[in-house]
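Letter by letter, the chains look like this.
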Amino acid sequence: MAQQGVGVDQEQLCCSICLDVLKDPVTVPCGHSYCRRCIERYWNQDDQRGTFSCPQCRHAFIPRPVLKRNTMLAEVVESLKKKKKTGLQAAPPDHCYAGPGDVACDFCTERRLKAVKTCLQCLVSYCDTHLQPHYQSPAFKRHQLVQASGELQENICSRHNKVNDLFCSTDQQCICSLCSVEEHKGHDTTSAAAERAERQKEVDRSQQNIQQRIQEREKDVKVFHQEVESIKHRADRAVEDSDTIFTELISSMERRRSEVRQLIRDQQERQVSRAEELRRRAGQEVTELRRRHAELEQLSLTEDHIRFLQRYTSSLSTTSESTHPVSSHVRPLRHFEDVTVAVSKMRDRLEDILTEEGTNVSETVNRVDVSLRDSLLHDADHAVAQSPEAHPPRPTLRPPASALLGAPRLVNPPLVSLSTPAEPKTRAEFLQYSRPITLDPNTAHQRLSLSKGNRKVTMMDNQSHPDHPERFTGRWPQVLSREALSGRWYSEVEWSGDCHIAVSHKDISRTRSGLECVFGFNDKSWSLYCTERGYTFSHRRIETPIPGRVSSRVGVYLDHSAGTLSFYGVSDDTMTVLHTVHTTFTHNLHVGFELYGYGSTAELCDLK
């Protein structure tokens, strides 16, 4: 029996970039095929970004894949072309005929095939066979072909029954040539093609922005993936370290238990040996006393007075010399009750230590959980829901849990500094140290916009800031104040969205994309991370969550010579201490802000 040929739909052999039959087909690693020239042009646009993606599935490749010719697909395309030229193409399969929802060829007279193109001049849709005259005859060269459309009536003027080939910018609608000289006379009109070209530029810009955001989000996905793997690795390492520590502790207790048991058994042996010796000697003395008691009883029965007196003196002296009371050699034994008491005390102390340190370990683990919630998940929510141009998420780095098992807890200090007479106690006293400062435009990141006399910063789209050696150009949108802080200084900051309020050395790194230039992630800056969910203080990559009610205004107090830096939540005239640092400042300090999320703001308040 002859084998039927398998029908191939021409659309399956089309390049998704040029929408035409594949020419020199190549296949990318994800399996999709394109014209070699089309995919090379597409990837040439991605050279600067360093990431190459498939136009259909958006799968990213690093580095740029080497393209290889799809021999089988090329042979199918050539075979299809030959069949078209010789007219020997077999009857199309059933799926090539128009069905419900498909655009049918207007030239087919019997069973109608699917249309592949629509001519805007003929206002007719053609299948691949009936479309050939448009490709072959010079009379149709000026006709405009588009993807097959079943909505041709939308391109026809309902009043004049002519093609809408013009666009009225005044009324923002497509019109025909007769409309332009009648009801749209005097309006600003242009050809539909010209208007399309202008609109296409906007579409291209939007696509470029979306593509850029896709690449940024893909980088964020990689960062989150690395963070997840890092968390898993560190958690596994913490579990292993904890198991090792507890195993060593249990082994130490087992050794101590064996030592105590051996000491008790050794002491038992000595005491038993001594008691056995005393018991033997006491038994011998009892036997001797009984013998002498019998002699004295015999003496008492002597009737001869002379014989009694002769034997009395020797018997009495012998009895007194041989009597050694055993009780004088025996001390009351406590049967090791003191040992039990001592071991019980050791147990109680160990239980107290385990309870206290267990609480510290639990709090340390909880702080790791808070860091995940406030950093990873919070950054992901903002990257997806809020910011059209959000910068990469600020990662949370923390020492392994095993390193924190013996570390002292970081506790928010009470308002101790306010009780010192030399320090301010009320907001009015703090305000006497307020001095106005401004933000330095030369340091502002490209995504930060300054306003209100350089006292307010807002997270926005990329700004056209000129190049400057002091500008932050890394991944983190940061800015520093123009003026340095010295002596005693106080100011208040109004914030919204997500904001990092920091003080920093001026020589902090500006151009790198790593964490060494992030406020709070080095030894040159101290940062308070403010969100609607709470505060987090960070320094040297160690983050400390701060419980309590959140205020949209934060006070910052610095006593440079005393080495004191404090952050306060300010509400009306009430000040609540958030965190206080006591250290030695060796450099002049500047106020710094880092914003996260489109529309986030930070403003230095006017405290006059």
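Source: prediction; values computed, not measured.

(A) Quick peek at the pattern of salt bridges. What the rule picks out here adds up to 24 salt bridges. Of the charged contacts, one joins D24 and R36 as a salt bridge, the two residues approaching to 3.0 Å between their closest N and O atoms. Here the residue D24 occupies a position in the segment before β1 (25-27), and R36 occupies one in helix α1 (residues 36-44), the gap between them amounting to twelve residues. Residue E288 is joined to R291 by a salt bridge in which the shortest nitrogen-to-oxygen separation is 2.2 Å. Taken as a pair, E288 and R291 lie in helix α5 (residues 192-300) at a separation of three residues, close to a single helical turn. Each of the salt bridges in this network shares a partner with another, and the network as a whole consists of E288, R291, R292 and E295.

(B) Structural context of the nonpolar core. By size, the foremost hydrophobic cluster in this structure holds 34 residues, and its most contacted members are I501, L528, L565, F567 and F593. For this core, the secondary structure elements donating two or more residues are β13 (456-459), β15 (488-505), β16 (525-531), β17 (534-539), β19 (553-559), β20 (564-571), β21 (574-582) and β22 (589-604). By size, the runner-up hydrophobic cluster in this structure holds 19 residues, among which are V21, V28, C38 and I39.

(C) Main features of unusual backbone geometry. Between I62 and P63 the backbone carries a cis peptide bond, its omega angle lying at 0°. Within the secondary structure, P63 is located in the loop between β4 (60-61) and β5 (68-69). Even without glycine at this site, N454 takes up a positive phi of about 60°. Assignment of secondary structure puts N454 in the loop between β12 (448-451) and β13.

(D) Expanded view of the packing of aromatic side chains. According to the stated counting rule, one finds ten aromatic pairs in the structure shown. Measuring from centroid to centroid gives 6.3 Å for W43 and F61, while their planes differ by 70°, and the two rings are edge-to-face. In this pair, W43 is assigned in helix α1 and F61 in strand β4, connecting sequence segments 18 residues apart. Considered together, W43 and F61 belong to a single accessibility category, that of buried residues. Put simply, the rings of F430, Y433, Y490, Y557 and Y568 touch in pairs and so form one group of aromatic residues. It is R510 that lies over the ring of F472; its NZ or CZ is 5.1 Å from the centre.

(E) Focus on the environment of T584. Note that T584 resides in the loop between β21 and β22. T584 sits 22 residues away from A562 along the chain, and the two C-alpha atoms are 7.5 Å apart.

(F) Spotlight on the sheet that holds β5. On the basis of which strands lie adjacent, the open sheet formed by three strands has the order β2-β1-β5 and antiparallel pairing. The open sheet has two free edges, formed respectively by β2 (33-35) and β5, since each of these has just one partner strand. The pairing of β1 with β2 spans three bridges and is classified as antiparallel. Pairing of T27 across the sheet is with S33, part of β2. Contacting β1, β2 and β5, α1 crosses the sheet at an angle of about 95° to β2.

(G) Local environment of the confidence of the model for the chain. The predicted model of the chain has a mean per-residue pLDDT of 81, with 82% of residues at 70 or higher. For residues 380-421, every residue scores under 50 in pLDDT, and the model assigns this stretch 105 contacts once sequence neighbours within four places are set aside.

(H) Main features of the state of the cysteines. Taken as a whole and assessed by the stated rule, the structure comprises zero disulfides. Free of any disulfide, C179 has its nearest neighbouring cysteine sulfur in C176, separated by 3.4 Å. Here C179 falls in the buried class, since its relative accessible area comes to 5%.

(I) The sheet that holds strand β11 (residues 189-191), seen in detail. On the basis of which strands lie adjacent, the open sheet formed by three strands has the order β10-β9-β11 and antiparallel pairing. Pairing within the sheet leaves two strands with one partner each, and these edge strands are β10 (173-175) and β11. Strand-to-strand twist across the sheet, computed as the mean angle between neighbouring axes with direction ignored, equals 35°. Sheet topology note: the strand β9 (residues 166-168)/β10 ladder contains three bridges and is antiparallel. Bridging from a neighbouring strand, F167 pairs with C174 of β10.

(J) Geometry of α1. Listed in full, the buried residues belonging to α1 are C38, I39, Y42 and W43. Viewed along the axis of α1, the buried residues span an arc of 125°, placing them on a single side of the element. Seen from the open side of α1, the exposed residues pointing more than 90 degrees away from its buried face are R37 and R41.

Reading the values: the criteria
Residues numbered from 1 in each chain as written. Predicted model: local features only at pLDDT ≥ 70, side-chain atom pairs only at ≥ 80, totals over all residues. Heavy atoms only, no water. Salt bridge = Lys/Arg side-chain N within 4 Å of Asp/Glu carboxyl O. Helix = DSSP H or I, 4+ residues; strand = E, 2+ residues; numbered from the N terminus. Core = buried A, V, L, I, M, F, W, Y, C linked by side-chain atoms within 4.5 Å. Buried < 20%, exposed > 50% of the residue type's maximum accessible area, 1.4 Å probe, protein only. Phe/Tyr/Trp six-rings, centres within 6.5 Å; stacked < 30°, edge-to-face > 60°. Lys NZ or Arg CZ within 6 Å of the ring centre and 35° of its normal. Pairing = 2+ DSSP bridges. Contact = heavy atoms within 4.5 Å. Axes fitted to C-alpha atoms, helices over the stretch in contact; angles between N-to-C directions. pLDDT = per-residue confidence, 0-100. Disulfide = S-S within 2.5 Å. Arc of directions from axis to C-beta.

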